[in-house]
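Examination of the molecular architecture
Here is how the chains run, residue by residue.
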Amino acid sequence: MNKNILNIGFWSAIICLTSFIVWIIAFAGIAIQSPLFFWTNIEEYVHYVNNNSQFFQYLAKSFMIIFSLAYMILAIVIYEFTSAERKIFTKIGVVFSVMFSLVSAVHYYVQISSVRFTIAGGEYSGLEHLIQSNPASALLSVNMLGWTLFLGLSCLFMCIGLFHESGTKGIRLGLLINAVACIFGGIGYLFQIDLLTFVFMNLGIGLGFIIMTVSSIRFINAVKRENK
């Protein structure tokens, strides 16, 4: 196996895992540092932002951009480990990973740039359609499309592509958990079942990616040892 593929796969898995750990730390920081916010209107949101530190908010969103890109790269590397007759499945998974990465990165970049600039400038017209905290935000819907449909299908097809591949049981398990979590998280979002959405989009996907990335690191290290 090409050393470049192994090294890129190893570091992309490390970055995915690290990004999720930072996100967990930032999520805890938000809960400790600021009061819980429930969307009512743009004025209340601006007041909340101006009176509470947004450091952990921006930290979490920044690392979600990094995570999205790292997952896309990891998906491409996983494609390289797939047998010839099953590469079509992982290729479809890679395509959906690109779609997910693009949608997610754009969403979070808008949050840490345009939304922040607009609030600082005191111009709030139309801003509610870009804010992640607004459950009716158009941009949030686009982001959820990425995290539920595109990511779910990417993980599902990657899992199918790795079927019967030796040493990939942990990777497949993580991908399968992600696929299921994305489906139920999407159902929760569409039918506005907040508890269902929270559990599957945060705990479910978090668990799935921790299993998948740790297993990917172990698998790549095993392949490296075999190639020595």
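These notes cover the structure that comes with them. (Residues numbered from 1 in each chain as written. Predicted model: local features only at pLDDT ≥ 70, side-chain atom pairs only at ≥ 80, totals over all residues. Heavy atoms only, no water.)

Here the focus is unusual backbone geometry. The backbone of H164 sits at a positive phi, close to 75 degrees, despite the residue not being glycine. Phi angles above zero are rare outside glycine, and Q192 is one such case at about 55 degrees. Examined against the element boundaries, Q192 turns out to sit in the loop between α7 (169–190) and α8 (194–227). Judged by its relative accessible area of 67%, Q192 falls in the exposed class. (Helix = DSSP H or I, 4+ residues; strand = E, 2+ residues; numbered from the N terminus. Buried < 20%, exposed > 50% of the residue type's maximum accessible area, 1.4 Å probe, protein only.)

It is at 13 Å that the axes of helix α6 (residues 138–161) and α8 come closest, and there the two elements cross at 55 degrees. The angle between α6 and α8 falls in the class oblique. For the pair α6 and α8, the sense of crossing is left-handed. Two secondary-structure elements touch here, α6 through M144, W147, T148 and L151 and α8 through T197, M201, I205 and F209. Looking at the contact of α6 with α8, its residues break down into six nonpolar, two polar and no charged. (Axes fitted to C-alpha atoms, helices over the stretch in contact; angles between N-to-C directions. Parallel < 35°, antiparallel > 145°, perpendicular 65-115°, else oblique. Left-handed = near helix turned anticlockwise from the far one by under 90°. Contact = heavy atoms within 4.5 Å. Nonpolar A, V, L, I, M, F, W, Y, C, P; charged D, E, K, R; others polar.)

Turning next to the side chain of S104. Mapping S104 onto the fold places it in helix α4 (residues 87–112). Classification of S104 as buried rests on a relative accessible area of 0%. Each residue touching S104, except ones within four places of it in the same chain, is listed here: M64, S68, N143 and W147.

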